Amino acid sequence: MKADQLRALAADPRFISGIYNYCDRWCERCTLSDRCLTYAMERSEDDPDEWGRARDLSNEKFWDNLHRQLQATIETVRADAKARGIDLDEPKLQAKVIAQERAERRRATKNLPLARAAMAYANAANKWVENASPVFRSKGFELETLARLETGNPEAEAAEMAEFVEIIRWYQHFIYVKLSRAIGSRANEELETDEEMKTFPKDSDGSAKIALVAMDRSIAAWSGLRLALTGADDDEILDLLAQLTAVRREAEKLFPQARAFVRPGFDEQR
Ligand code: SF4
């Protein structure tokens, strides 16, 4: 997609400005994908049948698409900056940006334990899923027996468990990524000197909010999985629940306004 095509697409009033900044990137399940510019940009590169394949991270086409979109975005930003008399390659400006980034990194350091805790949870969740085959195999035998006896609803139970695992997998790294962004943005906001800028909704709160939403859903999924697998692996799942609950508690402490942040599209009355 070229810069002028991107600009024309972005001008379409059906899109909700910034909706993609605080979503969970689960486009297949998104109820607002028809209002999302990012989704439309990605779709415009492919026909619908190819879309699923193109989103496969191992697929070359996915990376080609991403590269093209980045190029178009960079061109648009450069053109807009030039129109405002700003030269993005100007050495003084670049030095200022580097100094700002350094200052932000220094400030963010104090909040890094939260990001590390989120990463520790992601690794622990990964390990659990990787070692869970025997637990699921045994549950599978149990459900097969129920099916043979025509008792209960084993198909629904199996589908529900698959759903819990999918939710856990989708969010396990996402939580770390979004909390890291919230911590970085918090450092940037603390260094802000412009009084008007300080009054705007904070990216740190928006990023923390979607991380909290992801944690809420993951905790619900772990709880559901624990019930479904009663008797098997109770303690390990309980440990993971405790670990994630602690991360959520710390995130709420560090970003007390996050729950109240209004995400474009998702938290607005439509
Ligand atoms: S808003 Fe919805 S469609 Fe757009 S990037 Fe986020 S999840 Fe995907």
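This text follows the structure it describes.
Residues numbered from 1 in each chain as written. Predicted model: local features only at pLDDT ≥ 70, side-chain atom pairs only at ≥ 80, totals over all residues.

> Would you take a moment to explain the overall build of the protein chain for this structure?
The helix and strand tally for the protein chain stands at 12 helices and 0 strands. Scanning the protein chain from its N terminus toward the C terminus, one meets helices and strands in the order α-α-α-α-α-α-α-α-α-α-α-α. Viewed in the frame of its principal axes, the protein chain has a C-alpha envelope of about 75 × 45 × 35 Å. When contacts within the protein chain are restricted to residue pairs at least 6 apart in sequence, those whose partners lie at least 24 apart make up 75%. (Helix = DSSP H or I, 4+ residues; strand = E, 2+ residues; numbered from the N terminus. Contact = placed C-beta atoms within 7 Å.)

> It is not clear to me how the nonpolar core should be interpreted in this structure. Could you clarify?
Generally speaking, soluble globular proteins have nonpolar side chains that are buried together. In terms of nonpolar packing, the biggest core is built from 38 residues, with Ala-118, Ile-175, Leu-179, Ala-208, Ala-211, Ala-214 and Ala-251 touching the most fellow members. Listed by contribution, the elements that provide at least two residues to this core are helix H6 (112–130), helix H8 (154–172), helix H9 (174–190), helix H11 (203–228) and helix H12 (234–254). Each of domain 1 (3–89) and domain 2 (111–260) gives at least three residues to this core. Beyond its immediate chain neighbours, meaning those up to four positions away, Ala-214 contacts Asp-24, Tyr-171, Phe-174, Ile-175 and Lys-178. (Core = buried A, V, L, I, M, F, W, Y, C linked by C-beta atoms within 7 Å. Buried ≥ 20, exposed ≤ 12 C-beta atoms within 10 Å, placed from the backbone. Domains from an automatic or database assignment.)

> Teacher, can you tell me more about the site of the ligand here?
The full set of residues close to the ligand is Ile-19, Tyr-20, Cys-23, Arg-25, Trp-26, Cys-27, Cys-30, Leu-32, Ser-33, Cys-36, Thr-38 and Tyr-39. Looking at side-chain class alone, the shell around the ligand contains 9 nonpolar, 2 polar and 1 charged residues. (Near = placed C-beta within 6 Å. Nonpolar A, V, L, I, M, F, W, Y, C, P; charged D, E, K, R; others polar.)

> In this structure, what is going on with helix H7 (residues 133–148)? I would like to understand it.
In an α-helix, one turn spans 3.6 residues, which is why side chains three or four residues apart end up on the same side. For H7, with 16 residues, the first-to-last C-alpha span of 22 Å sits near the 22 Å given by 1.5 Å per residue. Of the residues one or two after H7, Glu-150 is the one with positive phi, at around 55°. (Expected span 1.5 Å × (residues − 1).)

> Looking at this structure, I do not really get the environment of Ala-211. What am I missing?
Along the chain, Ala-211 falls in helix H11. Residues Ala-211 and Asn-123, 88 residues apart in the sequence, show an inter-C-alpha distance of 17 Å. The residues contacting Ala-211, other than those within four sequence positions of it, are Ile-175, Lys-178, Leu-179, Ala-182 and Ala-251.

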